[in-house]
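A look at the structure
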Amino acid sequence: MKWITRQKVKVDRVACPWLIRKFVDPKAEFIFVPAEQVEANARELGETPFDIEGCELGHHGEDVSFNSILKKHNLTDPALVLLGEIVRAADSQPSQPHPAGEGLRWIAHGFSALGSSDHEILAKEFIVYDALYAECKRRVASAPKD
């Protein structure tokens, strides 16, 4: 399946491809184009748009695109939900931001500042999301049970 979004990826547009490849479609292909070309390309080529204004897999209320993908694909793993809180805090201004969000924002902007292409950023930064997910799993497993 092909997925399309805006070029110049940072937080959500790296987190979503990581989530898609790991939990939705391991063979997913990602296309990055100028924002004004996303809708036309998606319609013409049948690609699934994400993280653009007004699309199903975009921002809704305080949810970012990562959260929309979790909901659409019924991904309820508590560690992914926790990671979604971190991505939300890094990519938007939620009313109760997760404290790890600011660090993730810094990392995402740092990768962007290296001047790599969008695909290179995905290749380099997926390990960051692997590590965050591992830590989320550890924290969820060690959380006190009610």
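Before reading further, recall that the structure is shown in the block above.
These lines cover the structure that appears in this document, whether it is placed above or below. Numbering of residues starts from 1 in every chain and runs along the sequence as written. Confidence filtering applies because this is a predicted model: local features only for residues at pLDDT of at least 70, side-chain atom pairs given and counted only at 80 or more, and all residues used for totals across whole chains, interfaces and linings. Excluding hydrogens and water, the side-chain figures rest on all heavy atoms present in the structure.

1. Quick look at the side chain of Asp 51
Note the threshold: Under the scheme used here, helices are H or I runs from DSSP no shorter than 4 residues and strands are E runs no shorter than 2 residues, and both carry numbers assigned from the N terminus. In protein, a polar contact means a hydrogen-donor-capable atom and an acceptor-capable atom, both N or O and within 3.5 Å, with residues adjacent in sequence counting only if both atoms are side-chain atoms; elsewhere, any N or O pair within 3.5 Å suffices. Contacts: residue pairs with any heavy atoms within 4.5 Å of one another.
Among the secondary structure elements, Asp 51 is positioned in the loop between β3 (48–49) and α3 (65–72). There is a polar contact of 3.0 Å between the side chain of Asp 51 and the side chain of Arg 6. At 2.8 Å, the side chain of Asp 51 and the side chain of Ser 65 are in polar contact. Not counting residues up to four positions away in its chain, the partners in contact with Asp 51 are Thr 5, Arg 6, Asp 12, Arg 13, Leu 57, Gly 58, His 59 and Ser 65.

2. As for helix α6 (residues 118–142)
As a reminder of what qualifies: Helix span, as expected, comes to 1.5 Å for every residue beyond the first. For a residue, the bend is simply the angle between two axes, fitted respectively to the seven-residue segment ending there and the seven-residue segment starting there. For every residue, the accessible area obtained with a 1.4 Å probe (protein chains only) is divided by the maximum for its type, and the residue is called buried under 20%, exposed over 50%, and partly exposed between those limits.
With 25 residues, α6 extends 35 Å between its outermost C-alpha atoms, agreeing within 8% with the 36 Å of an ideal straight helix rising 1.5 Å per residue. Most pronounced at Glu 125, the bend in α6 amounts to some 35°. Those residues of α6 that sit buried are Asp 118, Ile 121, Leu 122, Glu 125, Phe 126, Val 128, Tyr 129, Tyr 133 and Cys 136.

3. Description of the environment of Val 81
By the secondary structure assignment, Val 81 is in helix α4 (residues 78–91). By relative accessible area, Val 81 is classed as partly exposed at 35%. It is 8.9 Å that separates the C-alpha atoms of Val 81 and Cys 136, two residues lying 55 residues apart in sequence. Ignoring sequence-local partners within four residues, the contact set of Val 81 consists of Leu 70, Leu 75 and Thr 76.

4. Let's talk about the side chain of Ser 92
Mapped onto the elements of the fold, Ser 92 is located in the loop between α4 and α5 (101–113). Overall, Ser 92 belongs to the buried group, its relative accessible area being 14%. At 2.9 Å, the side chain of Ser 92 forms a polar contact with the backbone oxygen of Arg 88. Not counting residues up to four positions away in its chain, the partners in contact with Ser 92 are Glu 62, Val 64 and Arg 105.

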